[in-house]
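Okay, here's what each chain looks like letter by letter:
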Amino acid sequence: MENKYRVLDKVTQQDDEEFMDIVEDKRCCSDFSFAFRTFSPPPYKGAPVCSTAELNRAVLESQYLRYEIKEVAVETGSSVEEVRDEVCRILREMSQNLQLRFIRLMAFTVRKVFKRIFSAIYVNMEGVNALQQAAQESPVILMPNHRSYVDFLVVSYILFSYDIPLPVIAAGIPLAGMKIVGEILRRSGAFFIRRAIRSDKLYWAVLSEYVRTIVRSGFAPLEFFVEGLRSRTLKSLPPKLGMMHMILEPFLKGEVYDVTLVPISISYDRVLEESLLAHELLGVPKPRESTTGLLKASKVLRENYGCMHVNFGRPLSVRQLCEGKLNRSQYNLIPRDLPQKPNAETEACGSWLAHMIVRIQEEGTLTSPWSLMACVLLQVPTAALTEEGLLFHELTEQTLWLRTLALDFGAHLSWPEKLSDSEVMSSTLALHRSVVYRKAGHVYLVRGDEPERKHPISPEEDMMRTAVAFLMMVSYRNQCLHVFVRPALLALAMSITKSTQRDELLTCFCFLQELFSNEFIFIPGRSSQDFDEACSLLKKCKAVHVSLWDVTVSDTGLAVLSFLQELLKPFIDSYQLMFRFLCEERDCVFTEKEFLLAVRTLAAKLISSGELHTYEALSSDVQKNVLSALRRLGAVTRIKTSENNEYKVNKSAVRRTGDMLAGRIPPQVVQAVPDARL
Amino acid sequence: MASNRNSSRHQTARHRISVIAGHLQRPADSNAAVLAVECKAQEIRPTVKTGDRSEGRTVPRRRQEIMKWNGWGYSDSRFLFNKKGQAEFTGRRYRLSGMIIPNLKDWFESTFGANLQHKTPATPILNSSAVQRPTLNEVFVEELKSTGIPFSHEAEDRVFRSHGHCLHEIFALREGKIGRLPDMVIWPNCHNDVVKIVELACKHNVCLIPYGGGTSVSSALECPPEETRSIVSLDTSQMNRILWIDEKNLTAHVESGIVGQDLERLLNESGYCTGHEPDSMEFSSLGGWVATRASGMKKNIYGNIEDLVVHIKMVTPRGVIEKSCQGPRMSTGPDIHHFILGSEGTLGVVTEVTMKIRPMPEYQKYGSVVFPSFEQGVACLREVARQRCAPASIRLMDNEQFKFGHALKPQVSSIFTSFLDGLKTFYITKFKGFDPNRLCVATLLFEGDRERVLQHEKQVYDIAAKFGGLAAGEDNGQRGYMLTFVIAYLRDLGMDYYVIGESFETSVPWDRVLDICRNVKARIIRECKDKGVQFPPLSTCRVTQTYDAGACVYFYFAFNYRGLSDPVHVYEQVERAAREEILANGGSLSHHHGVGKLRKEWMRETVSNVGVGMLKSVKDYVDPNNIFGNRNLL
């Protein structure tokens, strides 16, 4: 049985794979004996074991860093020794210190915790076996999606269980700052990366040499999150490309025969950080990562978080993927140790690969019943949901309808097979009692903790209470948006253009993809394939008729189309709101902070007045995405990059974009400025 | 004093002949067939007497008298598995001749998954009826007859000159398949004969393909199938005299058809050598070396062909090109020798060459070093190159090739030697902890006066020791060099049992040597798997030359083709992929085999558009009617 993905042309649907519960599996033996199991992974061929000190020395003494040190010394006017000391400092701060004892300690505690909070952790054995094989053949890059802090531990934990060499893991620097925990992570193989380092030449040099050395030596798999951050919205994030290029380079320069990418999709029934994330999106700052904070958060460990699925994707050979896309002889005329900017071709290939990995992660995730329910619940007016509630059987009916649609669209569901549908519904509701509750045949939205305060709560506070639950639900809806987004964009294009002509629809489809490319992940340069896919999926569920020139609604298709349009409506509404704000605002120049604050105030005002129906406009994520979308379309420009980002608006361009989105003028696809990001 | 030195020189000469020519014995009765048509227009004969014409030449006009028509080398020398299933090497020419090679069968079977029961014998004799009738240009033939230059249009003669030794060429011959071939073979005797031939060819629009030793591995000798004119193979083998030796300047003026072994032997008789020893030196000719930019294994002392030539005479459709003097270096615009070197027979025929010669070395010593890993071996070679103390030859074989060399050990006569061998193995693997599946060996050849050789040897072994190398004896070294002479014979043995293979080479900067070796070997294995080869291939390499800025790397690749319908096509696809991999890893298109027609497709990316244009314009000027129409290179 081959595990295949649509995004790789040849690929179709992944067959139902066998998942095995690794927690259940191990219950028979004690945590202690598990932690002290003999661990003897077969090594990557020819790779000698490489100690931390050796790795760091290799990095420090590399030709590349020596060259960069000299350069930086000349530029900054300091001595080579000073710069070298700085490099040592950076390296000390960065470097991992993988030690088997700490892995054992980690395995012991993690297993205890996992057993308590998860009912099961399912892993696809076939993927694990393929990984085990691949790890012996070429350097392996593990690329999980990032939804929770738990992601950090779970992959290492699984690899430890199955005798696969333990990975070194790229982590954000804040984690290193945590007392004890930082050190434990370091010794479990984490290495730490500062944020926003593009401009820091020396840091960039150290990091890239560090990563390349790990890949070159192949002594351990490298794990990194291609999305760069934990996704606050549970949606996939546009990939960061810097790390991707660092990984490709040893292959492109011929220093390794091949590099194997293993996308990993981790899906949670319920995410530990759910309410924290919702608060963060509403502007409540994220608590600094600290050990005490972690201890305080230990109350989350008393709850049940359902199941977790870890789906190891088919190992992908970079060599095969890049064949015909790249000319490797471009490195023939310059010593490979010297820094060389990747050319346009390489940049594009890296970006394509990174986007594709994210898409494969998406396709590998399992959609939970709750995620489908969230889609249904969000189409009910919020006020109704808090006051009258939704009839339970209606929810069941619509969720089951949506289940069929999702299956038609090729989603993988984690729908428990042994239970009846109503049992599944009730147990799901029970698991998510932090968001919804069921009372007398109705389902209601939970409205935050009742503040134990004397004075009556203000309308703002009241709204925030709803908003938290709403945004949590939004997050779970986001988990399955990737299943629907392509057909939904087509449905949207049909309603915006009011046209049936294929080329007109395609133009609008491309415009929407461009506009929403921070919201949803599309592989660059594949718009027309995406469009075709959308057509064929809608055709498959009999919602449209597709001919060479036309796409028309079928008699039975309205339900599907209007559901899909409704699914994206919150985005349209939020975007239009912000466009309007930008056009009406007197100032043409503002900082990012000012923008977020003003938009939030406006949205809150409109929600309480009943003019705006979605709370999503309150989410800082959507707000930031609007800014980047407008920047990409050239309607907003950044004028100051330091400290506070300052922006300048081109009002007519914003208005035009809004008009295109509303279907008042025909959309044009603007040639987007390539996004320079880490 | 002088006579003393002379006699010692003669002694070393004899010693040397016994060492390098021991396995290159000249045939006992090769002269009978050679018909010397004395060149009427001979120039003033040199004062140095270089022996009678009818004596001492290896290559007769009728090559079929001593050489295989569908395999490598002499007819009497071949590997075979005898009735007991043991490998032996027939004949009496080589050190290995007449010996039993006990380990070869096991190595052969385990490496390739081959089986002695599954045979693929070659067509034994040439079926002349399968050969196309010659398209003759009657007027040309008539006029040629009047010059008295010998020629032939017998099938056998023509078939012999229709191919080099690429796998697909030999494979087709073994199956009795013969494609487009020269319509006639012609044997000029001297420079002036060539001038006449070229004039006639231009006059009558006949296509000329120069033929030297026939050892090409670049499809350079293949007749372009689209060629409609009469094709004449111009065989230089009878232009094989040393015309003079200049002892004051240490140069020799030699006709281009002489093959390597004859050149060395004849010079040795006068106490000199050129030191140019490509692996094919038994059969390849001086003219061929010039036309392909050949490289010899001892280039570290003597230089490659471009360093060795002082003067070249080439006959082109426009006339004769040569320099007016023999100055050791000139600043007279681009060196016209470099239009000739590597021209691969597309511009004309090289007829005479003045080459540097050296007094024969007093002392020669083989050696070998075992390294725990290939990586350390390469690091050692790099250091040797950095210190510029490379011996006459230094080569590093990888582990697979080390095992291969081991499998070629002839049966040892005494229990004592086998006991010693066992002890050595024990010392290296158990006592020193070398992994038998990782270790690799470097073979060395030192030359010079005795004292310097010993000093030099110590220097090299000291460097090797820094990289974990252990001296492993002269015997291993010598066997390593022997391997290069017999490997081509071994390919014929493989082809008797479903195994096909070939070698190809590249040159690459030092920092990429390890990467290119690993990646190309891995690519070969991967491609074989993808193309449906049922058994894992032999994919091995060695570093054969060191330079200041890089090295020459040789790859050997062979596989068992049972179960494949078109093995040659698979072979070619894999070789092509391997070449792509070489280029992607910063290797050159060729170090010394040349481009021919096999690697033409990469010329443009190798030398740039302008480069191709330059070469083209030279061709257009020199040979506007494409008389030298082998279509190599461009």
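Cut-offs used in this document
Residues numbered from 1 in each chain as written. Chains lettered and ligands numbered in written order. Predicted model: local features only at pLDDT ≥ 70, side-chain atom pairs only at ≥ 80, totals over all residues. Heavy atoms only, no water. Salt bridge = Lys/Arg side-chain N within 4 Å of Asp/Glu carboxyl O. Helix = DSSP H or I, 4+ residues; strand = E, 2+ residues; numbered from the N terminus. Buried < 20%, exposed > 50% of the residue type's maximum accessible area, 1.4 Å probe, protein only. Phe/Tyr/Trp six-rings, centres within 6.5 Å; stacked < 30°, edge-to-face > 60°. Patch = residues over 30% accessible without salt bridge, like charges linked within 9 Å, V, L, I, M, F, W, Y side chains within 5 Å. Areas by Shrake-Rupley, 256 points an atom, 1.4 Å probe, with all protein chains shown as cover. Contact = heavy atoms within 4.5 Å. Pairing = 2+ DSSP bridges. Axes fitted to C-alpha atoms, helices over the stretch in contact; angles between N-to-C directions.

*Asks:* So what's going on with the pattern of salt bridges? Residues and values would help.
*Replies:* Taken as a whole, this structure holds 71 salt bridges over all chains when the rule is applied. In this structure, the salt-bridge partner of B:Glu581 is A:Arg328, at a minimum N-O distance of 3.0 Å. Of this pair, B:Glu581 sits in helix α18 (residues 567-584) while A:Arg328 sits in the loop between α15 (318-322) and α16 (344-364), each in a different chain. For the pair B:Glu581 and A:Arg328, a shared accessibility class is recorded, and that class is buried. In this structure, the salt-bridge partner of A:Arg359 is A:Glu362, at a minimum N-O distance of 2.8 Å.

*Asks:* Can you explain the packing of aromatic side chains? Please cite residues and give values.
*Replies:* A full pass over the atoms with the stated rule returns 41 aromatic pairs over all chains. A centroid spacing of 5.4 Å and a plane angle of 20 degrees characterise the contact between A:Tyr437 and A:Tyr444, whose relative ring orientation is stacked. Here B:Trp107 and B:Phe404 contribute two aromatic rings whose centre-to-centre distance is 4.5 Å and whose plane-to-plane angle is 15 degrees, an arrangement assigned as stacked. On the criterion of sequence distance, the pair formed by B:Trp107 in helix α2 (residues 104-112) and B:Phe404 in helix α13 (residues 399-407) is long-range, its members being 297 residues apart. With respect to class, B:Trp107 is no different from B:Phe404; both count as buried.

*Asks:* I'd love a proper account of a nonpolar patch on the surface, names of residues and values included.
*Replies:* Residues and elements named next belong to chain B. A contiguous nonpolar patch, built from Val607, Val610, Met614, Leu615 and Leu634 and spanning about 410 Å² of accessible area, is present on the exposed surface. Counting through the fold element by element, Val610 comes out in helix α19 (residues 603-622). According to the relative accessible area criterion, Val610 is exposed, its value standing at 59%.

*Asks:* Which residues make up the side chain of A:Gln513, and what are the values?
*Replies:* With respect to the helices and strands, A:Gln513 occurs in helix α23 (residues 502-515). Apart from residues lying up to four places away in sequence, A:Gln513 is in contact with A:Leu489, A:Phe522, A:Ser527 and A:Asp530.

*Asks:* Report on the environment of B:Gly587, specifying residues and quantitative values.
*Replies:* Residues and elements named next belong to chain B. Position of Gly587 among the secondary structure elements: in the loop between α18 and α19. Its relative accessible area of 11% is what places Gly587 among the buried residues. A C-alpha to C-alpha distance of 37 Å links Gly587 and Arg450, two positions 137 residues apart in sequence. Not counting chain neighbours up to four residues away, the residues in contact with Gly587 comprise Thr506, Ser507, Val508, Ile516 and Ile582.

*Asks:* Give a detailed account of the sheet that holds strand β9 (residues 251-255) of chain B, specifying residues and quantitative values.
*Replies:* Residue and element names in this part refer to chain B. Strand order in this open sheet of 5 strands is β8-β9-β13-β11-β12, and the pairing throughout is antiparallel. Because the sheet does not close on itself, it has two edges, and the strands there are β8 (242-246) and β12 (319-321). Within the sheet, the average angular offset between the axes of one strand and its neighbour, ignoring direction, is 10 degrees. Sheet contacts for helix α7 (residues 260-269): β8, β9 and β13 (349-356); angle to β8, the most-contacted strand, approximately 45 degrees.

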